[in-house]
Amino acid sequence: RKEVEQDPGPFNVPEGATVAFNCTYSNSASQSFFWYRQDCRKEPKLLMSVYSSGNEDGRFTAQLNRASQYISLLIRDSKLSDSATYLCVVRVSGGYNKLIFGAGTRLAVHP
Amino acid sequence: EADIYQTPRYLVIGTGKKITLECSQTMGHDKMYWYQQDPGMELHLIHYSYGVNSTEKGDLSSESTVSRIRTEHFPLTLESARPSHTSQYLCASSEYQGSYNEQFFGPGTRLTVL
């Protein structure tokens, strides 16, 4: 079983739609949580960190449920430019900032 | 934009050749990492470094080696390339402290071994 599991998609949605991605992690020593965005054939870039109380950044809302070991990302009012793969990432305890990456969920926003 | 660079961006090479993938960053970060990513798959950590003269192997076994003689430079070497080494190699760096410190990635090197 993978340490970080994501629905691979693709999610094909029209512009303006609201889309939600889910992620589960298995390592109870996970301390920090992130969503990274990776465009096709590009490097991953941090989209947002995920805090225990949940957090929002513009059209993006992230939620964390430690008891269920579950993370979510909600994108409202989807834009064409949101088309990318969204990587769920967890940091496990340890000294070297070890990150465990999910395989990603692909989003395709169409006109 | 992150100041982390990788060369070459693309490399096609024959079996048995020795190759070095270059990675450098100008952010003064102590921690640097090498990941391997196959298409549609997750990133796997193959090497990391806490700082100069510190290198460790990651979770995914790799025949590559790394060195960290200067803070800004973290090259990866394959002594004898094989088709199984075909993949994308991503270098990253981060500051030393903090649970939520971001890892910044370079643009990657897409390696094809024939």
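Residues numbered from 1 in each chain as written. Chains lettered and ligands numbered in written order. Predicted model: local features only at pLDDT ≥ 70, side-chain atom pairs only at ≥ 80, totals over all residues. Heavy atoms only, no water.

It is worth spelling out the overall build of chain A at this point. The helix and strand tally for chain A stands at 0 helices and 11 strands. Taken over C-alpha atoms, the radius of gyration comes to 14 Å for chain A, in line with the 13 Å a tight globule of 111 residues would show. Evaluated residue by residue, chain A yields a buried proportion of 48% over its 111 residues. Considering only intrachain contacts with a sequence separation of at least 6, the fraction spanning at least 24 residues in chain A is 57%. Total accessible area computed for chain A in this model is approximately 5,100 Å², and 48% of it derives from carbon and sulfur atoms. Each charge class in chain A was averaged separately, 13 positive and 10 negative side chains, and the resulting centres sit 5 Å apart. (Helix = DSSP H or I, 4+ residues; strand = E, 2+ residues; numbered from the N terminus. Rg over C-alpha atoms; globule rule 2.2 N^0.38 Å. Buried < 20%, exposed > 50% of the residue type's maximum accessible area, 1.4 Å probe, protein only. Contact = heavy atoms within 4.5 Å. Areas by Shrake-Rupley, 256 points an atom, 1.4 Å probe, with all protein chains shown as cover. Lys, Arg positive; Asp, Glu negative; His and termini not counted. Charge placed at Lys NZ, Arg CZ, Asp CG, Glu CD.)

In the structure shown here, the tally under the stated rule is 9 salt bridges over all chains. R59 of chain A is the partner of D82 of chain A in a salt bridge, and the nearest nitrogen-oxygen pair spans 2.8 Å. Note that D82 of chain A is positioned in the loop between β8 (70–75) and β9 (84–92) and R59 of chain A in the loop between β6 (55–57) and β7 (60–65), a separation of 23 residues in sequence. When its relative accessible area of 3% is taken as the criterion, D82 of chain A is described as buried. Given a relative accessible area of 22%, R59 of chain A falls into the partly exposed group. Between E79 of chain B and K18 of chain B there is a salt bridge, with its nearest N and O atoms 3.9 Å apart. Remark: K18 of chain B occurs in the loop between β2 (10–13) and β3 (19–25) and E79 of chain B occurs in the loop between β8 (76–78) and β9 (87–94); sequence separation between them is 61 residues. Judged by relative accessible area, which is 55%, K18 of chain B ranks as exposed. (Salt bridge = Lys/Arg side-chain N within 4 Å of Asp/Glu carboxyl O.)

All chains considered together, the criterion is met by 2 disulfides over all chains. Here C23 of chain A engages in a disulfide with C88 of chain A; their sulfurs sit 2.0 Å apart. The S-S bond linking C23 of chain A to C88 of chain A shows a torsion near -75 degrees; that makes this disulfide left-handed. Here C88 of chain A lies in strand β9 and C23 of chain A lies in strand β3 (residues 19–25), a separation of 65 residues in the sequence. Side by side, C23 of chain A and C88 of chain A carry an identical accessibility label, which is buried. C23 of chain B shares a disulfide with C91 of chain B; S-S distance 1.9 Å. Disulfide C23 of chain B to C91 of chain B: torsion about the S-S bond roughly -75 degrees, handedness left-handed. Taken together, the residues span a long stretch of sequence, with C23 of chain B in strand β3 and C91 of chain B in strand β9 at a distance of 68 residues. (Disulfide = S-S within 2.5 Å.)

What follows covers the environment of V4 of chain A. Residues and elements named next belong to chain A. The residue V4 is located in strand β1 (residues 4–6) in this model. Judged by relative accessible area, V4 falls into the buried class, the value being 2%. Separated by 71 residues in the primary sequence, V4 and I75 place their C-alpha atoms 20 Å from one another. In this structure V4 touches C23, T24, Y25, C88, V90, I100, F101 and G102, once residues within four positions along its chain are discounted.

Residue and element names in this part refer to chain A. The sheet built from 5 strands is open, its strands ordered β1-β3-β8-β7-β6 with antiparallel pairing. Across the chains shown, the open sheet's two edge strands, defined by having one partner strand only, are β1 and β6. Pairs of neighbouring strands in the sheet enclose a mean axial angle of 20 degrees, with direction left out of account. Pairing analysis gives 3 bridges linking β1 to β3, with the strands arranged antiparallel. Pairing of Q6 across the sheet is with C23, part of β3. (Pairing = 2+ DSSP bridges. Axes fitted to C-alpha atoms, helices over the stretch in contact; angles between N-to-C directions.)

What follows covers the interface of chain B and chain A. On the side of chain A, 27 residues touch chain B, which itself brings 25 residues to the contact. Roughly 2,200 Å² of surface becomes buried between chain B and chain A when both sides are summed, with 48% attributable to carbon and sulfur atoms. At the junction of chain B with chain A, the criterion picks out 2 salt bridges. Close ionic contact of K98 of chain A with D59 of chain B constitutes a salt bridge, the shortest N to O distance being 3.1 Å. The interface formed by chain B and chain A holds 3 residue pairs in polar contact (both at pLDDT 80 or more) in total. At 4 residues, strand β4 (residues 31–37) of chain B tops the list of elements feeding residues into the side of chain B that touches chain A. (Buried area = accessible area lost by both parts, 1.4 Å probe. Polar contact = N/O pair within 3.5 Å; in protein donor to acceptor, adjacent residues only side chain to side chain.)

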